[in-house]
Amino acid sequence: MAMSVGGAEGEPMMDMNTTPLIDVMLVLLIMFIITIPIQTHAVKVDLPINDPNQVKPAVDPQKNKIVITPDGVVLWNGAPTDAATLQQYLTQTTQLNPEPELHFQPDPAARYEKVDQVLAIIKRSNVSKLGFIGNEQYRNEF
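For the structure given in this document, a descriptive report is provided here. Just so it is clear, the model here is predicted, and its values are computed rather than measured. (Residues numbered from 1 in each chain as written. Predicted model: local features only at pLDDT ≥ 70, side-chain atom pairs only at ≥ 80, totals over all residues. Heavy atoms only, no water.)

## With respect to the side chain of Glu99
Phase 1: Within the secondary structure, Glu99 is located in the loop between helix H2 (83-95) and strand E6 (101-106).
Phase 2: In this structure Glu99 is buried but unpaired, with Lys129 as the nearest side chain of opposite charge at 6.9 Å.
Phase 3: Among all residues touching Glu99, those that are not within four sequence positions of it are Thr93, Thr94, Val127, Ser128 and Lys129. (Helix = DSSP H or I, 4+ residues; strand = E, 2+ residues; numbered from the N terminus. Buried < 20%, exposed > 50% of the residue type's maximum accessible area, 1.4 Å probe, protein only. Lys, Arg positive; Asp, Glu negative; His and termini not counted. Salt bridge = Lys/Arg side-chain N within 4 Å of Asp/Glu carboxyl O. Contact = heavy atoms within 4.5 Å.)

In structure tokens form, the structure reads like this:
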């Protein structure tokens, strides 16, 4: 390491030149980063195994969907259901904390009477998070 000597009045100046020291440290740091094995960068995660025999619960804690088909069949998360079972599912959703979203999507060809009956069941069950989805299909009708 170089040291500068001398001054204006002939006195020795004792300042150390740190530039070569910094250069050496940077080279060592780069060499250390390059020599780290790739395996130490991996994060091991235990993923769940999908079991096809496992029965899904009827009420999803995040969101549930009610669909009314053109022939009047009411589907709860894709499974056909009747009015009494629908009422039970809705009661279960209102008891969950936080309450899951309920998506309601009647088909444009579904009878209004059936849609009204299902909306009455939803209203009686005191669902607070209800959303109508698929309304964009009606935007050009009016």
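Further notes follow.
## Digging into the packing of H2 against helix H3 (residues 112-124)
Two numbers describe a pair of packed helices, the interaxial angle and the distance between the axes.
Phase 1: Where H2 contacts H3, the two axes come as close as 9 Å, and the packing angle between them is 35°. Read as a crossing pair, H2 and H3 show a hand that is right-handed. For the pair formed by H2 and H3, the contact residues are Ala83, Leu86, Gln87 and Leu90 on the first element and Val118, Ile121 and Ile122 on the second.
Phase 2: Here the residues of the contact of H2 with H3 sort into 6 nonpolar, 1 polar and no charged. (Axes fitted to C-alpha atoms, helices over the stretch in contact; angles between N-to-C directions. Left-handed = near helix turned anticlockwise from the far one by under 90°. Nonpolar A, V, L, I, M, F, W, Y, C, P; charged D, E, K, R; others polar.)

## Examining H2
Phase 1: Its 13 residues give H2 an end-to-end C-alpha distance of 19 Å, which sits within 8% of 18 Å, the value for a rise of 1.5 Å per residue.
Phase 2: When we look at burial in H2, the residues that qualify are Leu86, Tyr89, Leu90 and Thr93. For H2, the angular spread of the buried residues around the axis is 100°, confining them to a single face. Turned more than 90 degrees from where H2 packs its buried face, Gln88 and Gln95 sit exposed.
Phase 3: Its buried side turned inward, H2 meets strand E3 (63-68), strand E4 (74-76), strand E5 (79-81), E6 and H3. (Expected span 1.5 Å × (residues − 1). Arc of directions from axis to C-beta.)

## Points about the environment of Asp107
Phase 1: Along the polypeptide, Asp107 turns up in the loop between E6 and H3.
Phase 2: Among the residues examined, Asp107 registers a relative accessible area of 29% and is labelled partly exposed.
Phase 3: Measuring from C-alpha to C-alpha, the distance between Asp107 and Ile68 comes to 5.8 Å, with 39 residues separating the pair along the chain.

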